[in-house]
Amino acid sequence: MADAPWAELREKFQAALALSRVELHKNPEKEPYKSKYRARALLEEVKALLGPAPEDEDDRPQAEDSLASGDHTLALPAELVEAEGPIAQGAVRRAVIEFHLGVNHIDTEELSAGEEHLVKCLRLLRKYRMSQDCVSLYIQAQNNLGILWSEREEIESAQAYLESSEALYNQYMKEIGSPPLDPTEHFLSEEEKLAEQERSKRFEKVYTHNLYYLAQVYQHMEMFEKAAHYCHSTLKRQLEHNAYHPMEWAINAATLSQFYINKQCFMEARHCLSAANVIFGQTGKISTMEDATEAEGDVPELYHQRKGEIARCWIKYCLTLMQNAQLSMQDNIGELDLDKQSELRALRKKELEEEESVRKKAVQFGTGELCDAISAVEEKVSYLRPLDFEEARELFLMGQHYVFEAKEFFQIDGYVTDHIEIVQDHSALFKVLAFFETDMERRCKMHKRRIAMLEPLIVDLNPQYYLLVNRQIQFEIAHAYYDMMDLKVAIADKLRDPDSHIVKKINSLNKSALKYYQLFLDSLRDPNKVFPEHIGEDVLRPAMLAKFRVARLYGKIITADPKKELENLATSLEHYKFIVDYCEKHPEAAQEIEVELELSKEMVSLLPTKMERFRTKMALT
C-alpha cells in the first residue's frame, strides 16, 4: 500500500460508495445494475492497490470459515486484540473492501460470490472482531450472511450468524462500550472521521437491523414468542433513535398487534395499534426519518393500501375482544349467562389494577409528546372484555368505522378475497353484538343486516373459482336466517295467539335457511351430483351441522296440512338418520358433533313413534 497514493485509494472508495447508493430505477431500464457494476470495478481497483494479504494463519482459507462447512467458532466469546500496526490496519482495510464487494454481489443477485467475499471479510477480521476498529464491520458482515442464508431458506445457518452478531454486540457493550468506528472511516483522513455521537448512532442502527433480522428468522422457525419480543425491541429502538420509515414502522407495529390478539393480551395489542395510527400519521410529513426519500409520501396507492391493512388489524382487535367476551359469558346453548356476567364484573376491578401497573410497563412505545399522542388514541377504545350491550356497542362502532376505512381500498373490483373477508368480519361484528342485545326484535334486525351485506356477494362470485368462499358465505347466510327464525319463534311463544303474519314470517325464514343450507350441502356433491360417502375433514363439522339444522328446520315448519306435516317429519328423520349412520361408519366424526349426535339419536328414536301417531290420527279423521 506504500506504493499506492492514499488520496487515490480514498477517492476511489468514496466514488464506489456513492455509486452503490444509486437507486436501481435511476439506472437505464436495460441495465438496472449499471451503477452497481461501476462501483464493483472501483472496489476491485482499490483491492488491487491495497495489494495481497500477507500469508498469515488467519488469512489462509480454513474449513470453519464458512457455515456451509459448519462454523463452531461463532458462539465463542471474542477476545480483545487491537488492530494495531501496518499489517493489522492493512487487513482491516482489505476486510472493508471484501465486505462492500460481498454486499455488491448480493445486490446484483450473485449470492455465491457475495458469500465468498463476506466470509473473506470475517476471516481477515476474526482475531480483531472485539476491537473498536472492527466490531461494527464484523457484525455487519455476519448480518448480511444471515440474510443471505435466510434467502436460501437455510434458516438455522442464518440464525447462527445473527445470534453470533447479537452476542458480539452485547459482549462489546458490556466490556468496552465506547462507540466503535464505522467501516467507512477506514478510508477517511483523521479530520474527516466521525464524531462519537454519529458513530454511536450508526452502531446502534446496525444492532437494530440485527434484531429485525432475528425477529424474521424466529418467525420462520415458528418461535412466535421470541419473534414478537425481537420485533417489539426493533420497533422501540427505531423510535428511540429516530431511524424509521413511518409507513413501514406502522405496518410492523400493526402486525405485532395480531400476535398479542392471539395471545389475548389486548392491552398490548391496543398499544401497538394506537402507536401504528400515530406513526402512520407522520407519513410524508416528517423528512428527518431514516433515509427519508420522496418515495413514501408520493405513492398514494401504497399509502391507501397500508392504511387499509392497519384498519383490518383494528377490525380483528374489536371483533376478537367481543368474541372473547361472548365465550366467557355464554351458557351451553350460546345465550348470555347472567351468573357468569356477574362473576366477570367482580373480577373487573382486580383486572384493571393488575393490567395497568404491571403489563403496561412491558410494552410501551415512545416518550414525551409521542407517548401522549399514543395514549390519546388508546383512550378512545377499551382493552377490557365488554360485559354489557353498551360496552360491546362501543367496540362494535369502532370496528365498523375501520370496516368502512378498509373497504375504501379493498374494493370488490381488484381485491375480491380481501373485500369478502372484510364484509365477513363486518357480519361477525353484528353477530356478536346481537349476543349482548336483550331485545329480540332488535336482534332480528342485526341478523337481517348481516344477510343484506352477505347475499349480494353470492351473486357476484363465480362458484367455480371461489368455491370455498362461496361455501362459507352460504353457511353464514343460512345460519343468520336460522337464528332469525329461532328468535321469531321465541317472540311468537310469548304471544297468546300468534297471528297469520308471524306464522308466515317464521315459515319464510325457515324456507330461506333451508335454501342456503341446501346450497352449501349441494356444493359438496361430486360432478355427478352424488353426495360423498366420506366427507373431507375441512368441511366435516359444517356439513354435519348443516344436516342437523336442516333436520330441525323441517320439524319447525308450521302447516295446517297433516299430510304435509307428515312429509316434513319424514324428511327431518331422514337427515337425523344420516348423522347417526355416518358417525357409526366414521367414528372420528362423532368427536366433531358430540351434542348434535346425541340429539340426533334421540330424534331417530322419538320421531317414528310421533309419525305413527300422526298416521293413526289422520286415518281416524
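Residues numbered from 1 in each chain as written. Predicted model: local features only at pLDDT ≥ 70, side-chain atom pairs only at ≥ 80, totals over all residues. Heavy atoms only, no water.

Per an unreviewed UniProt entry, the chain carries the name KIF-binding protein and comes from Catagonus wagneri. Regarding the chain, the UniProt comment filed under Subcellular location (unreviewed entry) reads as follows: "Cytoplasm, Cytoskeleton". Entered under Function (unreviewed entry) in the UniProt record, the comment concerning the chain runs "Activator of KIF1B plus-end-directed microtubule motor activity. Required for organization of axonal microtubules, and axonal outgrowth and maintenance during peripheral and central nervous system development." (UniProt positions renumbered as here; feature names shortened; annotations may be inferred.)

Draft legend 1. A look at empty space enclosed by the protein. Taken as a whole and judged by the stated rule, the model has 1 cavity of 30 Å³ or more. There is about 30 Å³ of room inside the largest cavity. Lining the largest cavity are Leu344, Arg348, Glu351, Arg385 and Leu387. Residues belonging to the lining of the largest cavity are distributed by class as follows: 2 nonpolar, no polar and 3 charged. (1 Å grid on protein atoms, 1.4 Å probe; cavity = no way out; pocket = protein on both sides within 12 Å on 5 of 7 lines; lining within 4 Å. Points joined across faces, edges and corners; volume = space filled by probe spheres on them. Nonpolar A, V, L, I, M, F, W, Y, C, P; charged D, E, K, R; others polar.)

Draft legend 2. Quick look at the packing of aromatic side chains. Summed over the entire model, instances satisfying the criterion amount to 26 aromatic pairs. Measuring from ring centre to ring centre gives 6.2 Å for Phe266 and Tyr317, while their planes differ by 75°; the resulting arrangement is edge-to-face. Taken together, the residues span a long stretch of sequence, with Phe266 in helix H10 (residues 266–280) and Tyr317 in helix H12 (residues 300–329) at a distance of 51 residues. Ring plane angle 15° and centroid distance 6.1 Å describe the contact between Tyr481 and Tyr516, whose orientation is recorded as stacked. Linking Tyr481 in helix H18 (residues 467–493) with Tyr516 in helix H19 (residues 500–522), this pair joins segments that are 35 residues apart in sequence. (Phe/Tyr/Trp six-rings, centres within 6.5 Å; stacked < 30°, edge-to-face > 60°. Helix = DSSP H or I, 4+ residues; strand = E, 2+ residues; numbered from the N terminus.)

Draft legend 3. Representation of the layout of surface pockets within the structure. One number sums up the size of the second largest pocket: a volume of about 1,600 Å³. Lining the second largest pocket are 38 residues, and of these Ile333, Gly334, His479, Asp483 and Arg549 sit closest to its centre. Looking at the lining of the second largest pocket element by element, the count peaks at 9 residues for H18. Looking at the lining of the second largest pocket, its residues break down into 15 nonpolar, 9 polar and 14 charged.

Draft legend 4. Structural view of the side chain of Gln142. Here Gln142 shows up in helix H5 (residues 135–151). Note on Gln142: relative accessible area 0%, which makes it buried. (Buried < 20%, exposed > 50% of the residue type's maximum accessible area, 1.4 Å probe, protein only.)

Draft legend 5. Looking closely at the confidence of the model for the chain. Mean pLDDT over the chain works out to 88, with 90% of the residues at or above the 70 mark. Between the elements of the chain, mean pLDDT differs from a low of 46, seen in helix H11 (residues 294–297), to a high of 97, seen in helix H15 (residues 389–409). The model gives residues 56–65 a pLDDT under 50, and that stretch makes 23 contacts with residues more than four places away or in other chains. This model gives residues 291–297 a pLDDT under 50, and the stretch forms 10 contacts once residues within four places in sequence are excluded. (pLDDT = per-residue confidence, 0-100. Contact = heavy atoms within 4.5 Å.)

Draft legend 6. Broad picture of the pattern of salt bridges. Evaluation of the coordinates by the stated rule reveals 29 salt bridges. Here Arg202 makes a salt bridge to Asp182, at a shortest N to O gap of 3.2 Å. On the criterion of sequence distance, the pair formed by Arg202 in helix H7 (residues 196–220) and Asp182 in the loop between helix H6 (155–175) and H7 is long-range, its members being 20 residues apart. Arg202 sits in the partly exposed class, given a relative accessible area of 30%. (Salt bridge = Lys/Arg side-chain N within 4 Å of Asp/Glu carboxyl O.)

Draft legend 7. Summary view of the packing of helix H4 (residues 111–125) against H5. Following both chains from N to C, one finds H4 and H5 inclined at 150°, their axes separated by 10 Å at the closest point. Classified by the interaxial angle, the pair formed by H4 and H5 is roughly antiparallel. Judged by the sense of rotation from one axis to the other, the crossing of H4 with H5 is left-handed. Between H4 and H5, the contacting residues are Leu111, Gly114, Glu115, Leu118, Val119, Cys121, Leu122 and Leu125 on the first element and Leu137, Tyr138, Ala141, Gln142, Asn144, Leu145, Leu148, Trp149 and Glu151 on the second. Grouping the amino acids of the contact of H4 with H5 by side-chain chemistry returns 12 nonpolar, 3 polar and 2 charged. (Axes fitted to C-alpha atoms, helices over the stretch in contact; angles between N-to-C directions. Parallel < 35°, antiparallel > 145°, perpendicular 65-115°, else oblique. Left-handed = near helix turned anticlockwise from the far one by under 90°.)

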